[in-house]
Structure formats: C-alpha cells, structure tokens
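Structural overview for review
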Amino acid sequence: MFDFYEGPVIRVNQEGYAEGLPVYAAILTKGLVELKDETGKILPFEAEPLKLDEASDDRVTVANLGRLKAGTYILESPEGNRTLTVSARPWNAVTGALIKGLYYQRCGCELKPEHAGAYTHPACHTAPATDWEDRSIQRRITGGWHDAGDYGKYVGPGAVTVAHLLYTWKLFPEGCPDNLNIPESGNGVPDILNEARYELEWLLQMQRTDGAFHHKLTKMRFAPFIMPQDDKEPEYLMPVNPAPTAAACACLALASRVYRAFDREFAERTLQSAQEAWKWLRNNTEYKPFLNPEGVYTGWYCEKTDKDDRFWAACEMLAATGEEEYQKAAEELYGEGQQLTHFGWADVGGLGALCCLFELGEEAGEVLYTKLKEDFLGQSEEALKLSQASGYGTALAWDNYVWGSILPIMSNAMAMIMNALLTGRQEMRDAALKQWNYALGMNALDICFVTGFGENRVMHPHHRPSEADGIEDPVPGLISGGPNNKMCFPQTKEKLGENTPPAKYFVEETFSADTNEIAIYWNSPAIFVGAYFNRTFTE
Ligand SMILES: [Zn+2]
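Residues numbered from 1 in each chain as written. Predicted model: local features only at pLDDT ≥ 70, side-chain atom pairs only at ≥ 80, totals over all residues. Heavy atoms only, no water.

**Overview of the overall build of the chain**
Under the convention used in this document: Helix numbering and strand numbering both begin at the N terminus, where a helix is a DSSP run of H or I of at least 4 residues and a strand a DSSP run of E of at least 2. What the globule rule says is 2.2 Å times the number of residues to the power 0.38, and the radius of gyration is computed from C-alpha atoms. Type-normalised accessible area, obtained with a 1.4 Å probe on protein chains alone, sets the label of each residue: buried when under 20%, exposed when over 50%, and partly exposed for intermediate values. Contact definition: two residues touch when any of their heavy atoms are within 4.5 Å. Surface accessibility in these figures is a Shrake-Rupley result with a 1.4 Å probe; residues are shielded only by whichever protein chains are displayed.
What the chain contains, in helices and strands, is 16 helices and 14 strands. For a compact globule of 539 residues, the expected C-alpha radius of gyration is about 24 Å, and the chain comes in at 23 Å, within 12% of that figure. Every one of the 539 residues in the chain was classed for burial, and the buried ones make up 60%. Nonlocal contacts in the chain, meaning residues at least 24 apart in sequence, comprise 73% of its contacts between residues at least 6 apart. Counting only carbon and sulfur atoms, one obtains 49% of the accessible surface of the chain, whose full area is about 20,500 Å².

Rendered as structure tokens:
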C-alpha cells in the first residue's frame, strides 16, 4: 500500500516562480515557517491558519509570499526546508516542452534524431486505412497526432486540441515559445502554428466526400506496449458522427482566419472544408451518439449532445465569413443553453465563448456578446469559488476527481484567465496561477505532472512509446491526467485501497491509465495557461 501522507511539509511550483506575480507555496505544518533570501534575511509573508482540504485530507494553507525579486529563496520549517527560485520567465521551457510534446505524438513520419534526440523512431501507421462501413474503400491518410497513451487518432479531441493552440497564439503570441527544434522551425511561421498544422492536415483528410467527418481512425483494439512503427494491425475509418463533424467545422473555420496571414491557399482549403461540414450539419440535424461498432474497443469519445459543438461551429463560421446564417444559428443554439467555461473534448461551449468574447466582440450583438459576456462572467465565478474552497487552491470540487482531472483544473484556469482579461480582476488571475502551480508541484502529491520537469517528476506515464523505447526517462513534455477515484482499474484500487482521498488517488506506474495516462487535449489547455503566464507581469 502506498502512503501518500508523508512527503515534504512545503509544496512549491517545482519549475520556479515569476517576477511580478505572487509567489504561492502550500504549507502543511503548524510549526514556524520562515522565508529567507540568499543573504539569510527573513522576509515577512501572509499565511492563513491551516485548514482541512477535503480532497486530500491534508491540513494545509497556501501562503502568499508576495512578489519577490529574481533570486533563490528558502522556506525553513522545523520539519524540513524547501528552496524556490524566482526569475523573469521561469516557465518558457516547460511551456515550450508542452508544445513539443505534441511533436513527439506525430504519426506517419519519422521522428529524426536531430529533432527527437533519443526518442527517434521510423514512420508509423503508413498503410492505407479501410472504411469500416464500405470495405471496398481504402484510403491512405497520413499525419496527425497519436491521441494519448494509445495510437488512435480521433477527430473531436484533435479539433479541440488544435483550437486550444490557435487561441493561445491569438491571445498570447508573446507567451508562445518558438524555435522548438521541430522540422518546420525557422520557416517564418510560429512553431505553435507549425505544430497545430500537422494535425490540421490530417483533420482535412478525415472528411468524407459529403462533408461529414469520420469519428476516428483506429484499429479494432488498442495495441500492446510496443513502439508505433511495430504496430501493424489494420486501421479503419470509423463511421461519421455530427459531434466531431461540428468540432472539425469550428476548428477549420478558426484555422482559416489564423493561417490566412501565413498561407492563403491553406486558409482557403480549411474554410472550404468547414463550409462543406456545415452544409452536412444543416442537412443532418438529428444527433445520434457515436457507438463503437461491434468488435471495436478503441477510445469511445461519445458525447451526450452535439449542441455545444454546433454552437461553437456557428460562432467560428460567423467569425470566418460574417454571414447572417451563422449569426442566426449561433443565437438559436445559444438560446438552448450553453456551458461557457468548459474546454474539453466533450464540452466545447467555452471555445464558443472564446470566439464570441475575443474574436467577434461587441459587433456580435446583444445575444452573442452582451448577454453571453454576462453569463460567462457569472459562470466563471464558480471556478474561483472552487479554488477558494480548496486547501491547495485547486479549482476542482473534492468529489470531482475524474479520469484526467487535470482537464477540469486547466479548464477552470482558462475560464479564470478569460475573466481576468475581460475584467482586470487580479484575484481571477491569481487563482488561475494556483492551477498552474498545481500542475507543476503545488499539490497533495508533491508531484510535477509534466514529464521531464520538476524535482519530483512523472517517470512512468501510461504512454506506449515511453515504456517501449527502452529509455529510462519518459518522452518529455507530456502532462499526466492526475488523480482519479471515479473510474478506476482494479489494479489501481488494489494499490491504493478504499481510504485514499481523491486528490491522492494516483499511481505513478505505467499500467495506471486511469490516473497516469497522457493526452494531447490535456497538454493543450496547459499550453494556454502556460503561455498566458509566460509573459512579463509588472503588477
Ligand atoms: Zn502512428
């Protein structure tokens, strides 16, 4: 049985802290904690008394050490010390690595030593794929990212991941690390857009001739833990579905605006594809959830509704074309109710909100701007309340540690960042910062969830290449899904027992897909949050 109750009494962002932003540390001791600078001088700071954190059963408080000048500091307590560093741009490397983590997920091309270092491998999954419903159709579909710990490629999750990257670049271009040593580096296009395009080129191929998008391109079962080039089972184009079609439509319409300045022809291609998808959606209004065909056991990614995907698509089509039809559709779908602070593979209302609030703006009118903004500001208060209720400042309810809990935590950080951008409220920005600190070590596990980073790091993610490549260190720049006590494997339960609290329900072992898998759409909201904070703050 693991015992997570031990561990240091001070938890910090293991990748350091930024000048100009508050420095937060979690303290788990009643003893006197002193903050000292490099000269040994004691610096004052504020800390509330310890309180019980329901999610972890820890008695903890998050101390605000204030804004500190660049340098090395030490937090001293009778039960142990912790060193922390403050610098101007501490998170450039980890944010860049999270983008490059997607490069390592590239399918269908060789990862060359000059870009991938030790993680090189030959091209994988290059054989033609068969249409599941019409076996006479074979198509050679290249590129895209492996979705997660497995080698499947899924349209909805891929579209959402790309959208996170494109909005990151639109909103915080100066926070996006460049020159990531990917094959396209130095071509005059920012690397975050180069990497996103690799997935977009694949996405375009996943469209059927009538405009609909296939749900996924996978085999019938997940591969064993082998390298991708050794995975030779046949791949199938699985049936089409409205939810991924709408998500792809939205993503491609967004891409048409982003890439227009760099490559007009590509922008036209993405817009045309989005228009064809929209036409199909208009003629296919009935929603049927995707079901895995009999005998197929790869990722399900089934959504309860496609209303949010259609809403997001209408918003992006409006932004791309300015046409009345999309305004009307977006307003109608908005009227049916949208959750505006969710940014995951299933719930994309937040991406519609990003489009309305930061792209369309006031010109979107009463419903899509004025009312939507009011609704968004109201809904994003919930994220702040969750953070305030948590001992670690984590914006997640104690009973909501789901598979991939990093996603709702990063989603809530995105919502609070958007709120801060709209209102200038520092408490929103600072609560978002606590989520970034959570990802990098200020948490009940004292772990940095990004592979390759932090002093206590993830070494055994559920990720096939990281296990199969024979290299001790996992592929870098991938974020672990983190604690989950909702849908667990028996093996995980056996390890942790019944009394392990939700925020500690985590096994740092390869088998534990339920707590320690990685996914492209967990990296991407972390990239959004990282790029926001990877800038200069002066107050
Ligand atoms: Zn592959």
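Now that the structure has been shown, we can carry on.
**Things to note about the nonpolar core**
Inclusion rule: Buried Ala, Val, Leu, Ile, Met, Phe, Trp, Tyr and Cys residues that are joined via side-chain atoms within 4.5 Å together make up what is termed a nonpolar core.
Formed by 167 residues in total, the largest nonpolar core has its most connected members in Leu84, Leu203 and Phe533. Residues in contact with Leu203, not counting those within four places in the same chain, are Val155, Ala159, Phe213, Ala248, Cys251 and Leu252. Of all hydrophobic cores here, the second largest spans 5 residues; its members include Trp132, Tyr236, Met238 and Val296.

**With respect to the sheet that holds strand S13 (residues 216–218)**
As a reminder, the rule being used: Strand pairing is assigned whenever DSSP identifies at least 2 bridges connecting the two strands.
Across the sheet, 5 strands lie side by side as S11-S10-S14-S13-S12; this open sheet has mixed pairing. Looking at strand neighbours, the two that pair on one side only are strand S11 (138–139) and strand S12 (153–154), the edges of this open sheet. With 2 bridges joining them, S13 and strand S14 (residues 236–237) adopt antiparallel strand pairing. Paired with Leu217 across the bridge in S14 is Leu237.

**Concerning the coordination of the zinc ion**
Worth spelling out the cut-off: A 2.8 Å cut-off from the metal defines N, O and S donors, relaxed to 3.2 Å for Na, K and Ca; water is not in the atom list, so some sites may appear incomplete. Geometry is assigned from the angles between donors: four donors with all angles from 85 to 135 degrees make a tetrahedral site, four or six donors whose opposite pairs exceed 155 degrees while the rest stay between 65 and 115 make square planar or octahedral sites respectively, and everything else is labelled irregular.
Coordination sphere of the zinc ion, protein contribution only: Cys107 (SG), Cys124 (SG), His125 (ND1) and His146 (NE2), at 2.0 to 2.3 Å. Angles of 104 to 113° at the metal separate the 4 donor atoms of the zinc ion, which places the site in the tetrahedral class. Donor residues binding the zinc ion come from one chain and are separated in sequence as C-x16-C-H-x20-H. Of this pair, Cys124 sits in the loop between helix H2 (113–116) and strand S10 (129–131) while His146 sits in the loop between S11 and S12; the two residues are 22 residues apart in sequence, bridging distant segments of the chain.

**Some points on helix H10 (residues 365–389)**
Worth spelling out the cut-off: A helix's residues, less one, multiplied by 1.5 Å, set its expected span. Think of it this way: the bend at a residue is just the angle between two axes, each fitted to seven residues, one set ending at that residue and the other starting at it.
Over its 25 residues, H10 extends 36 Å from the first C-alpha to the last, a length consistent with the 36 Å expected when each residue adds 1.5 Å. Its axis deflected by about 35° at Leu372, H10 carries its strongest bend there. Those residues of H10 that fall on the buried side of the exposure criterion are Leu368, Tyr369, Leu372, Phe376, Ser380, Ala383, Leu384 and Ser387. Taken together, the buried residues of H10 touch helix H7 (307–321), helix H8 (324–335), helix H9 (349–360), helix H11 (406–423) and helix H12 (426–439).

**Focus: the pairing of strand S7 (residues 58–64)**
Counting buried residues in S7 gives 5 out of 7 residues, a clear majority hidden from the surface. When strand S3 (residues 24–27) meets S7, the two strands line up antiparallel, connected through 4 bridges. Among the inter-strand pairings, Tyr24 is bridged to a residue of S7, identified as Asn64. Relative to S7, strand S6 (residues 51–53) runs antiparallel, the two sharing 3 bridges. Looking across to S7, one finds that Asp53 is bridged to Asp58. If you look at the hairpin formed by S6 and S7, you'll find 4 residues sitting between the two strands, and Asp57 has a positive phi there, around 65°.

**Here's the deal with the packing of H10 against H12**
Packed helix pairs are characterised by how far apart their axes lie and by the angle those axes make with each other. Threshold: The axes are straight lines fitted to the C-alpha atoms, using for helices just the contacting stretch, and the angles between their N-to-C directions are given from 0 to 180°. What sets the label is the angle itself: under 35 degrees gives roughly parallel, over 145 gives roughly antiparallel, 65 to 115 gives roughly perpendicular, and the rest give oblique. Should the near helix be turned anticlockwise from the far one by less than a right angle, the crossing is left-handed, and should it be turned clockwise, the crossing is right-handed. Residues are grouped as follows: Ala, Val, Leu, Ile, Met, Phe, Trp, Tyr, Cys and Pro are nonpolar; Asp, Glu, Lys and Arg are charged; every other residue, Gly included, is polar.
The geometry of H10 relative to H12 is characterised by a closest axis approach of 10 Å and an angle of 60° between their N-to-C directions. If you check the angle between H10 and H12, you find them oblique. Helix-helix and strand crossings are classified by hand; for H10 and H12 the assignment is left-handed. Between H10 and H12, the residues in contact are Ser380, Glu381, Leu384, Ser387 and Gln388 and Glu427, Met428, Ala431, Lys434 and Gln435, respectively. Across the contact of H10 with H12, the residue classes tally to 3 nonpolar, 4 polar and 3 charged.

**What about the packing of helix H4 (residues 191–205) against helix H6 (residues 264–283)?**
Direction vectors running N to C along H4 and H6 enclose 45°, while the axes themselves pass 11 Å from each other. Taken together, H4 and H6 sit at an angle that is classed as oblique. Remark: the crossing between H4 and H6 carries left-handed chirality. Residues Arg197, Leu200, Glu201 and Leu204 of H4 touch H6, and the partners they reach there are Phe266, Arg269, Thr270 and Ser273. Looking at the contact of H4 with H6 residue by residue, the class counts come to 3 nonpolar, 2 polar and 3 charged.

**Considerations on the pattern of salt bridges**
What counts, and what does not: Salt bridges, as used here, are contacts in which a Lys or Arg side-chain nitrogen is within 4 Å of a carboxyl oxygen on Asp or Glu.
The tally for this structure, following the rule as stated, stands at 28 salt bridges. In this structure, Lys153 engages Glu235 in a salt bridge whose closest nitrogen and oxygen atoms are separated by 3.5 Å. Of this pair, Lys153 sits in strand S12 while Glu235 sits in the loop between S13 and S14, and the two are 82 residues apart along the sequence. For Arg269, the salt bridge is made with Glu265, and the minimal N-O distance between the two is 3.2 Å. Note that Arg269 and Glu265 are positioned in helix H6 at a spacing of 4 residues, about one turn of the helix. By relative accessible area, which is 48% here, Glu265 ends up partly exposed. A cluster of three or more residues bridged by salt bridges with shared partners is formed by Arg197, Glu201, Asp263, Glu265 and Arg269.

**Here's the deal with the confidence of the model for the chain**
Stated precisely, the cut-off is as follows: pLDDT expresses how confident the predictor is about each individual residue, on a scale running from 0 to 100.
Summarising the model, the chain shows a mean pLDDT of 97, and 99% of its residues fall at 70 or more. Of the regions scoring below 50 in pLDDT, residues 1–5 engages in 17 contacts with residues more than four places distant in sequence or in other chains.

**Examining unusual backbone geometry**
One non-glycine residue, Asn179, lies in the positive phi region at around 55°. As for its placement among the helices and strands, Asn179 is situated in the loop between helix H3 (155–171) and H4. With relative accessibility at 60%, the residue Asn179 sits in the exposed group. Backbone geometry at Asn181 places phi at a positive 60°, although glycine is not the residue there. Looking at the secondary structure, you find Asn181 in the loop between H3 and H4. Looking at Asn181, the relative accessible area reads 37%, which means it is partly exposed.

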